[in-house]
Amino acid sequence: METQSRTSSALALCRMGLENQQWIERCLNAQWVQEAKQFQRLDGQLFQLFLQQKTLGRSQYYIWHTQDDGKVRPAHAANDEGIFAWDYPPATGHPGEDYNCRCWAEPVGDTEYARQVLITPVNDNPNKWTNENFVFHYLLGGGVPLTLESTGYLGDIIEYFATHAIAKDGKVGGYRAVEEQIIKLALDIRDGEIPYGFEQVYDFEDMKYTFRNSTIIGNFSGHVRTQGEYLIINGVMSYDFKDKFEDPGSAVEALTRYLGWTREDAQEFVRDNAPDLFVAVYDFTGHWKTKLNATIRISSQ
Ligand SMILES: [Zn+2]
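Just so we're clear, the structure is a prediction, and the values are computed from it rather than from any experiment. Numbering of residues starts from 1 in every chain and runs along the sequence as written. Since the coordinates come from a predicted model, pLDDT governs what is reported: local features require at least 70, and pairs of side-chain atoms require 80 or more to be given and counted, while whole-chain, interface and lining totals use all residues. Just so you know, side-chain values use all the structure's heavy atoms and leave hydrogens and water out.

Description of the packing of helix 8 (residues 251–259) against helix 9 (residues 263–273)
Two packed helices can be described by the angle between their axes and the distance between those axes.
Next up, step 1: Geometry is summarised by axes, namely lines fitted to C-alpha atoms with helices restricted to the contacting stretch, and by angles between N-to-C directions that run from 0 to 180 degrees. A run of H or I in DSSP counts as a helix once it spans at least four residues, and a run of E counts as a strand once it spans at least two, with each numbered from the N terminus. Between helix 8 and helix 9, whose axes approach to 9 Å, the crossing angle comes to 140 degrees. Taken as axis vectors, helix 8 and helix 9 run oblique relative to one another. Judged by the twist between their axes, the crossing of helix 8 over helix 9 is right-handed. Between helix 8, through Ala251, Val252, Glu253, Leu255 and Thr256, and helix 9, the contact on the second element is made entirely by Arg263, Ala266, Gln267, Phe269 and Val270.
Next up, step 2: In this classification, the charged set is Asp, Glu, Lys and Arg, the nonpolar set is Ala, Val, Leu, Ile, Met, Phe, Trp, Tyr, Cys and Pro, and all remaining amino acids, among them Gly, are polar. For the contact of helix 8 with helix 9, the class distribution of residues is six nonpolar, two polar and two charged. When an angle is under 35 degrees it counts as roughly parallel; over 145 it counts as roughly antiparallel; between 65 and 115 it counts as roughly perpendicular; any other value is oblique. Should the near helix be turned counterclockwise from the far one by less than a right angle, the crossing is left-handed, whereas a clockwise turn marks it as right-handed. Throughout, a contact is declared for two residues whenever any of their heavy atoms are within 4.5 Å.

Written out as structure tokens, the structure reads:
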């Protein structure tokens, strides 16, 4: 059964297509060939969209989510995490419909649905550290540990981990790997806390050579509950990043290997700066959290 909104958006596209056809005709009558061609191109795109609307449509059900803070109105808090049908809105209307409502609908797919939303503010240094910065911190920083944020790389690491990081089993995308593990546990637990954590080495070298063999430690704090034919998972994933500036040996080694200096230049620099050189390996740390929501249709598993 098609939902009302799905039908109406397909109809809207249809109407746009008809109007477009009229414009094409008018342009051709006026011998505006270039303009007519543009409308024809647009028409092709509209038709593709129309096909997508017809075949993909949208999920018939959704899960109501509030922003989970003190500003949520009580009637909406009562809907939080409940399943509703697009065809039968609750008395409050659908999420986001009411004035200033910040609630959102998580579509319930046929099999499963999982997403992670970053809930940690990322205050990255806008001046990203260069290779020189990293090497000079090794030479002169006295081993003082750094945060990813202070070097400008927390946002990049999060993004890279979420979508590109490769797990031991070869799966690409750290978030997906985490979600799959949590879903697997939830299918056994059905109702209750989900104990899940991992510690794994990932290679972020593609992003920045400094972050090779970095450790990610993840911990989930959340639960699963059964609602009708769905398992609903809610919780917070906490991620910790740990790495060290790899010890290149001596100051000369660091300058030649990482910055490509000639051995002579490096030796001269070391001679000139000998009193200030400290040469110490240092740690990087980073931390972020995501809100994790997933829905699984039990019968599909
Ligand atoms: Zn609301």
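Some points on the packing of aromatic side chains
Next up, step 1: Whether two aromatic rings pair depends on their centres lying within 6.5 Å, for rings of Phe, Tyr and Trp, where Trp uses its six-membered ring; planes under 30 degrees apart make the pair stacked, over 60 edge-to-face, and the rest tilted. For the coordinates displayed, the defined rule picks out 23 aromatic pairs.
Next up, step 2: Summarising the aromatic geometry, the rings of Phe161 and Tyr202 are spaced 5.1 Å apart at their centres and angled 90 degrees between planes, so their arrangement reads as edge-to-face. Of this pair, Phe161 sits in helix 6 (residues 154–163) while Tyr202 sits in strand 7 (residues 196–202), and the two are 41 residues apart along the sequence.
Next up, step 3: With a 1.4 Å probe rolled over the protein chains alone, any residue whose accessible area is under 20% of its type maximum counts as buried; one over 50% counts as exposed, and the rest are partly exposed. The class of Phe161 is buried, set by a relative accessible area of 0%.
Next up, step 4: Between Phe161 and Trp288, the ring centres sit 6.0 Å apart and the planes meet at 70 degrees, which makes this aromatic pair edge-to-face. With Phe161 in helix 6 and Trp288 in strand 10 (residues 283–297), this residue pair connects regions lying 127 residues apart in the sequence.
Next up, step 5: We classify Trp288 as buried; its relative accessible area is 0%.
Next up, step 6: Through a chain of ring-to-ring contacts, the aromatic side chains of Trp129, Phe134, Tyr138, Tyr153, Tyr160, Phe204, Phe211, Phe241, Phe245, Tyr258, Tyr282 and Phe284 assemble into a single cluster.

Here we look at the side chain of Asn79
Next up, step 1: Structurally, Asn79 is set in helix 3 (residues 74–79).
Next up, step 2: Any pair of N or O atoms that falls within 3.5 Å is considered a polar contact. Within protein, one atom must be able to donate a hydrogen and the other to accept it, and sequence-neighbouring residues count only if both atoms are side-chain atoms. Polar side-chain contacts of Asn79 include one of 2.9 Å to the side chain of Thr92.
Next up, step 3: Among all residues touching Asn79, those that are not within four sequence positions of it are Trp64, Phe84, Pro90 and Thr92.

A closer look at the nonpolar core
It is characteristic of soluble globular proteins that their nonpolar side chains tend to be buried jointly.
Next up, step 1: Within the largest apolar cluster, 55 residues are counted, with the highest numbers of intra-cluster contacts made by Phe161, Ile233 and Trp288.
Next up, step 2: By residue number, the principal contributor to this core is helix 7 (residues 174–189), which donates seven residues.
Next up, step 3: The nonpolar core is taken to be a set of buried Ala, Val, Leu, Ile, Met, Phe, Trp, Tyr and Cys residues, with the residues joined through side-chain atoms within 4.5 Å. The next biggest cluster of nonpolar side chains, apart from the first, holds five residues, and it includes Tyr62, Trp64, Phe84 and Cys101.

Points about the coordination of the zinc ion
Next up, step 1: Keep in mind that water is not among the atoms, so a site may look incomplete; donors are the N, O and S atoms within 2.8 Å of the metal, or 3.2 Å for Na, K and Ca. Looking at the zinc ion, the protein donor atoms are His76 (ND1), Cys101 (SG) and Cys103 (SG), and they sit 2.1 to 2.4 Å from it.
Next up, step 2: Each donor residue of the zinc ion lies on the same chain, and together they follow the pattern H-x24-C-x1-C. Of this pair, His76 sits in helix 3 while Cys101 sits in the loop between strand 2 (83–85) and strand 3 (104–108), and the two are 25 residues apart along the sequence.
Next up, step 3: A relative accessible area of 2% means that His76 is categorised as buried.
Next up, step 4: We classify Cys101 as buried; its relative accessible area is 13%.

So, the side chain of His137
Next up, step 1: Structurally, the position occupied by His137 is in helix 4 (residues 131–140).
Next up, step 2: The exposure class assigned to His137 is buried, which follows from its relative accessible area of 12%.
Next up, step 3: A polar side-chain atom of His137 sits 2.8 Å from the main-chain carbonyl oxygen of Val144.
Next up, step 4: For His137, the residues in contact, after removing those within four places along its chain, are Trp129, Gly142, Val144, Leu146 and Tyr282.

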